[in-house]
Amino acid sequence: MTDQNLPIGMYTMKSIQYLVVVAATLMLAACGGGSSNNSFGGGGTASLTVTVASSTVTVNPQNFAPDPDSPYTTQVTVIFRDASGQPVADGTTVTLSSSSVARGVVSPIDAPTATGSSATNATAGGRAQFWFTAGSQTGTVTLTASAANPSGGTGITAAATINVEPGVGNDDRLTVSGSSTIPTNTQGVPIFLGSPFINELTIQYVGANGQPGSPADGEIGVAISPISRGAFSTLDDPETTDVNEFFSLLGSGPVDMTAGVSTIFVHSFDQPGPLTVSVSLVDANTGEQFSTEFVVNVEDGAANFLPSQVDFSVDPEPIYAQGAGGASSKNLQIIVRDSGGNPVPNPEADGVSWNNIRLTLDSPAGSGARLVGTGAGGSVSGSEISVRTVNGIANISLDAGSEVGTHRIVAVVDRADNNVDQGTSDALQTETTIEVGDGRLFALELVSPILNAIRVNPTVNGVSTSFELIEDDLTGALVPADPDGTYSLTVTVQGTDQVGNPVLPGTVVNFGKIDDPMLPGLPRLFVFSGVDGNPQEGGNLFSVFDPFEGFLDDPVRVDDAVESGDTVALFGKLVPGNREHEAVRFVSSVVDENTVNVTEPFNPNDQSGSIVNDGFVIPWVIGRSRVGNIEQSVVLDDFGRGSVQMTYPINALGRPIVLWSQGTRILEGGNKTVADVEAAVFPGVAPLLLTASPSAITANNDTVVRLCLTDGLRSPIEGAFIVGAITEGAANGSLDGSPMTTTTANATGSAGAGCVDTVVNISGIPPEGDEATITFSYDEATAEVSVVPPGAAMLLVDPSVITDTSLTTFSRRIDLTLLDGDGEPISGAQLVGECETDGGILSLSVNPGVTDANGETSASVLVGMAGCGTDGGEYPRLGTCTFTTTSGTPEGVLQVIGIDVLTLGISPPPVGCPPEEGGDTQILVVRVEDNRPDPQPSSLVESIPTGISCTAGSTIGDPNCQSDFAAGTTVIVRAPAGTTPVFSGACGPQAGSDPNFGEAILTNDIQTCVVTFN
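Rules used throughout
Residues numbered from 1 in each chain as written. Predicted model: local features only at pLDDT ≥ 70, side-chain atom pairs only at ≥ 80, totals over all residues. Heavy atoms only, no water. Helix = DSSP H or I, 4+ residues; strand = E, 2+ residues; numbered from the N terminus. Buried < 20%, exposed > 50% of the residue type's maximum accessible area, 1.4 Å probe, protein only. Contact = heavy atoms within 4.5 Å. Areas by Shrake-Rupley, 256 points an atom, 1.4 Å probe, with all protein chains shown as cover. Salt bridge = Lys/Arg side-chain N within 4 Å of Asp/Glu carboxyl O. Pairing = 2+ DSSP bridges. Axes fitted to C-alpha atoms, helices over the stretch in contact; angles between N-to-C directions. Phe/Tyr/Trp six-rings, centres within 6.5 Å; stacked < 30°, edge-to-face > 60°. Disulfide = S-S within 2.5 Å. Patch = residues over 30% accessible without salt bridge, like charges linked within 9 Å, V, L, I, M, F, W, Y side chains within 5 Å. Lys, Arg positive; Asp, Glu negative; His and termini not counted. Charge placed at Lys NZ, Arg CZ, Asp CG, Glu CD. pLDDT = per-residue confidence, 0-100. Core = buried A, V, L, I, M, F, W, Y, C linked by side-chain atoms within 4.5 Å.

## Overview of the overall build of the protein chain
Helices and strands together make up the secondary structure of the protein chain, namely two helices and 76 strands. Burial analysis of the protein chain (1014 residues in total) assigns 46% to the buried set. A separation of at least 24 residues holds for 68% of the contacts in the protein chain among residues at least 6 apart in sequence. In the structure as shown, the protein chain presents an accessible area of about 45,700 Å², 50% of it carried by carbon and sulfur atoms.

## Topic: the pattern of salt bridges
In this structure the tally under the stated criterion is 23 salt bridges. Between E563 and R624 there is a salt bridge; the shortest N-O distance is 3.8 Å. With a gap of 61 residues between them, E563 in the loop between β39 (541–544) and β40 (567–571) and R624 in the loop between β43 (618–623) and β44 (629–630) connect regions that are remote in the sequence. Under the relative-accessibility criterion, E563 is labelled partly exposed at 43%. In this structure, the salt-bridge partner of K672 is D606, at a minimum N-O distance of 2.6 Å. Here D606 lies in the loop between β42 (595–598) and β43 and K672 lies in strand β48 (residues 672–681), a separation of 66 residues in the sequence.

## Describing the pairing of strand β52 (residues 723–728)
Pairing between β52 and strand β55 (residues 742–743): two bridges, direction antiparallel. Residue G724 lies in a different strand from β55, and its bridge partner there is T742. Where β52 lies against strand β57 (residues 772–778), five bridges are found, and the strand directions are antiparallel. Pairing of A725 across the sheet is with T775, part of β57.

## Structural notes on the sheet that holds β48
With antiparallel pairing, four strands are arranged side by side in an open sheet as β45-β37-β47-β48. Edge positions in the open sheet fall to β45 (633–635) and β48, since each of these has one partner strand only. Across the sheet, the axes of successive neighbouring strands diverge by a mean angle of 20°, strand direction being ignored. Two elements, strand β37 (residues 508–514) and strand β47 (residues 656–665), share five bridges in a ladder whose sense is antiparallel. Its bridge partner being in β47, K513 is matched across the sheet by L659.

## Some points on the packing of aromatic side chains
Centre-to-centre distance and the angle between the planes together describe a pair of aromatic rings. Throughout the structure, instances matching the rule amount to 11 aromatic pairs. Between the aromatic rings of F542 and F602, the centroid separation amounts to 6.4 Å while the plane-to-plane angle is 45°, which identifies the pairing as tilted. Here F542 is found in strand β39, whereas its partner F602 is found in the loop between β42 and β43, with 60 residues between them in sequence. Note on accessibility: F542 and F602 belong to one class, buried. Ring geometry for Y648 against F682: centres 4.7 Å apart, planes inclined by 20°, an arrangement best described as stacked.

## Focus: the state of the cysteines
Applying the stated criterion across every chain yields a total of four disulfides. Residue pairing for C835: its cysteine sulfur links by disulfide to C881, the two sulfurs lying 2.0 Å apart. With the S-S bond torsion at 110°, the cross-link from C835 to C881 turns out right-handed. Taken together, the positions of C835 in strand β62 (residues 831–837) and C881 in strand β65 (residues 877–885) put the pair 46 residues apart, joining distant regions of the chain. The class of C881 is buried, set by a relative accessible area of 1%.

## Things to note about the environment of V279
By secondary structure assignment, the location of V279 is in strand β18 (residues 273–282). Those residues in contact with V279 that sit more than four places away from it in its chain are L174, V176, I203, I220, G221, V222, F290, S291 and T292.

## Observations concerning the sheet that holds β57
Spatial strand order, β50-β58-β57-β52-β55: five strands in an open sheet with mixed pairing. The strands lining the two open edges of the sheet, one partner per strand, are β50 (696–698) and β55. Bridging between β50 and strand β58 (residues 781–788) involves three bridges; their strand directions are parallel. Across the sheet, I697 pairs through a bridge with V787, a residue of β58.

## Concerning the side chain of T292
Tracing the backbone shows T292 in strand β19 (residues 289–299). Every residue in contact with T292, bar those within four places of it in the chain, is listed here: L174, V176, V277, S278 and V279.

## Focus on a negative patch on the surface
A cluster of acidic residues, D770, E771, E834, E836 and E891, forms a negative patch at the surface. Inspection of the secondary structure assignment puts D770 in the loop between β56 (755–763) and β57.

## Brief notes about unusual backbone geometry
Excluding glycine, residues mostly carry a negative phi; peptide bonds, for their part, are mostly trans. Between S693 and the following residue, P694, the backbone shows a cis peptide bond with an omega angle of 5°. Secondary-structure assignment places P694 in the loop between β49 (689–693) and β50. Backbone torsion omega between T889 and P890 reads -15°, so that peptide bond is classified as cis. With respect to the helices and strands, the residue P890 is situated in the loop between β65 and β66 (891–898). A positive phi angle, near 55°, is found at N391, a position not held by glycine. Despite not being glycine, D779 has its phi angle at roughly 55°, a positive value. With respect to the helices, strands and loops of the structure, D779 is situated in the loop between β57 and β58.

## What about the environment of Q990?
Along the chain, the position of Q990 falls in the loop between β74 (988–989) and β75 (997–1001). A residue is classified by how much of its surface remains accessible, and Q990, at 15% relative accessible area, is buried. Setting aside residues no more than four positions away along its own chain, Q990 makes contact with I972, F997, G998 and E999.

## Focus: the confidence of the model for the protein chain
When pLDDT is low, close inspection of the predicted coordinates is not appropriate. Summing up the model confidence of the protein chain, the mean pLDDT is 85 and the portion of residues at 70 or higher is 89%. Low pLDDT (under 50) marks residues 38–43, which in the prediction has 16 contacts with non-local residues, meaning those over four places away or in another chain. In the model, residues 473–477 has pLDDT below 50 throughout and makes 16 contacts with residues more than four positions away in sequence or in other chains.

## Observations concerning the nonpolar core
The biggest cluster of nonpolar side chains holds 49 residues, and the ones touching the most others in it are F511, M646, I762 and F776. With near-sequence residues (within four places) excluded, M646 lies in contact with Y487, S488, L489, V491, K513, N629, I630, I657, L659 and F682. Among the nonpolar cores identified, the runner-up in size contains 28 residues, and V76, V78, V94 and A134 belong to it.

## Some details on the environment of T599
For T599, the location among the structural elements is in the loop between β42 and β43. With 35 residues separating them in the primary sequence, T599 and S564 have C-alpha atoms 9.9 Å apart. Here T599 is in contact with N540, F586, V587 and S588, once residues within four sequence places are set aside.

## Here we look at the pairing of strand β13 (residues 198–205)
The sheet contact formed by strand β11 (residues 174–177) and β13 spans four bridges and is antiparallel. Its bridge partner lying in β13, S177 is registered against T202. Relative to strand β17 (residues 261–268), β13 runs antiparallel, the two sharing seven bridges. Bridge assignment links N199 to a residue of β17, and that residue is V266.

Put into structure tokens, the structure is as follows:
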């Protein structure tokens, strides 16, 4: 090769190299990029090439930040080579620019958020990389790369284009599918999979790439409205073992989405109409927001939207005549439903409204009473008005006038067109009556609470307001640490006016009692008493026709006499036409053996308009209070009630008393007294206990059986006659000489405190015959005595009955007596025993021994059978301990009864019982809707029993909006006072209560009550 050939060869190589570069450029251009070089510009053949990963992107209307996984961001690569075709040195600066920032911006690959109309980046391996992120406008964007020529001279550039295109619409990417109709659940059928009152809806979301989309946090938002027509639930979450989400009804809340799919269940209630399901989500990758709606029509085949049922809901609060001093207005609701039980539509169309109820008031003449309501033209009032319903309800009020008595309100609707302004062609009417009173005392009624009425009193030193209970060693009952031997009974009186309304608050009522003097012996009878009293109408004399004991002191014998200040109690209400002679007066002087003067005139007994004098026909008692005391007066409250305490010693239990309360009725022509007089006894603490000793007797002999009656705290009860009857076995018998079934000849207390001896004789049992059983009873207390055949040995058990009223165990000694057929003791016999019970503890703590010369030995039993009704056990518990000889005969039986201590009725109640949980429980869910204009007053809805405290602002699923209640419970749902919500779903208005009270009777596992404020 010669030197002359060298330039030629070099040129050829350059030409080939240039051709290769051109060919490469053409290839790159064909791939969607662009390049530029400046090989003839005096700087060599350096070049730039721009390539894009995707020539189309989706518009980015929210201008989200660059995201390589999103459809609106793509990668841009700029390749930079020097004149020799090699990658330029690392770190060489390249700039990339966008022709329209409205259509897209650029940013360095390592700083994606540094977006702008241009961005710079350094090369690495001859490449500079960038992001292009679409903007809010569609169209074509030119991306231009530029850099300084490494060979000198002018800079070099290259370009590429990207199309920004519209994205896929929301309706296409977020969809809801499923049945769009569902029947109304008018019967409140409980939830079960496959129920016709449940629609399954499928929610699907597709990503921008056509694959299943991913919402933010894996959840979508679902809401349903109105919740008076339905709610939704979700699939059960296996991670929540305490709840099955399928049964938890929601109005709104998050729902999990997996692989772009969610499933919800729409549950219908009893109200027909469209139910809108709203779904929304945010894309986890792009941040795009999507929403859609799906309408489910809740259909009622029976609904015809015309009146078919009209009902009154009346505020239970009393109403009084004007000037009486009490409320003179009363709220009412008229509820109009169609044949499907749904509220009739509002009477309006095309901006025109009309009336759909006509009301008529029939009130006492001259009273001036009127009805007030809202009609199509605004407020209306009078004795005849027309009003319109809103959501099926019309609110009206009765404004009382000057007269008391019955006010009759008649409501009429038209079944033909729900319009009464054009007359009625198919009238449907209902009516209600309201009693307007004067609030003045007309009647009194003495009552006593059933629960916690009796209090066991402690010894009081100084002032004490509380005390601690301890367990009594003998009975196991809970009593004060230092009981003083007295009980206190709560006595309540109810006062009403002439129409039965509570008397106005502030009315004073006096109390008192008579418990002395008594005739000696049993049964106890008042010395001065009879059925032949004759009060002087409007006068001060009281006479009796033939008193058992004269009123004056007998100078020749020891007797009682009526004294000044004694109480005269008359039972006038027991005699027809003599109600006003139910009265209490006080003796001012004794006139003769059958007449006294009283300090205050008797009522004239002229309630019929003329004085009624029936003569000597009024039952009466004269006496004084000597045993215990009673608070003297009380001021009646807003409900016409007042309570006092009567305190008495426990040794007076069963003693007869006359208990009375009396007030004054204010009248223009002269005041009258109003009283209630009741015959009663000093009561004990429940339950009554009856024991019989011996526990076994021999047939064909007269045997004395001692019967003892006590209250639940072992305090003796006197004056009770015990019933005896043969309840098992073929036998005949007598009690104190009278054939059974009969009562004892004497009362308890005749043979010691609370005890009576009765002579029992049982015949008709042959020597080899079966045993018989005598059951003695008083009220609910019973005791049994076994009757063995003549000539047979018997084993007596004392006591034969133990009633356990304790929450802890205790030991009791049992005396055993073994007798032969002649009633003689059997000595030297080894006795054995065993116990069994259906609950609690009952066992022998000391085994029986060998009988002594009197045929006697003893054993001890450990007793712990009482409990609390809230502990899940069944009461009363029953147990027996059977004692016998080693041969197995005869047998003696101890019966042990364990009670529910919560039924003792003492105050304070026994402590130590678990809270009431109940066996089966059912769930009540409350949903509150408030359609009233802002500012909205309180929408707090609470339950009675407590457990629910829910408002319209509560999220559905809020634990305060649902609670467990005992199965079958009637739950009262209370809205704020003065409101008139609509109760629907599982609840309805509470009959006879204020309109803000509703109730739900729990019959299913889960029920939903909807409370709507309009």
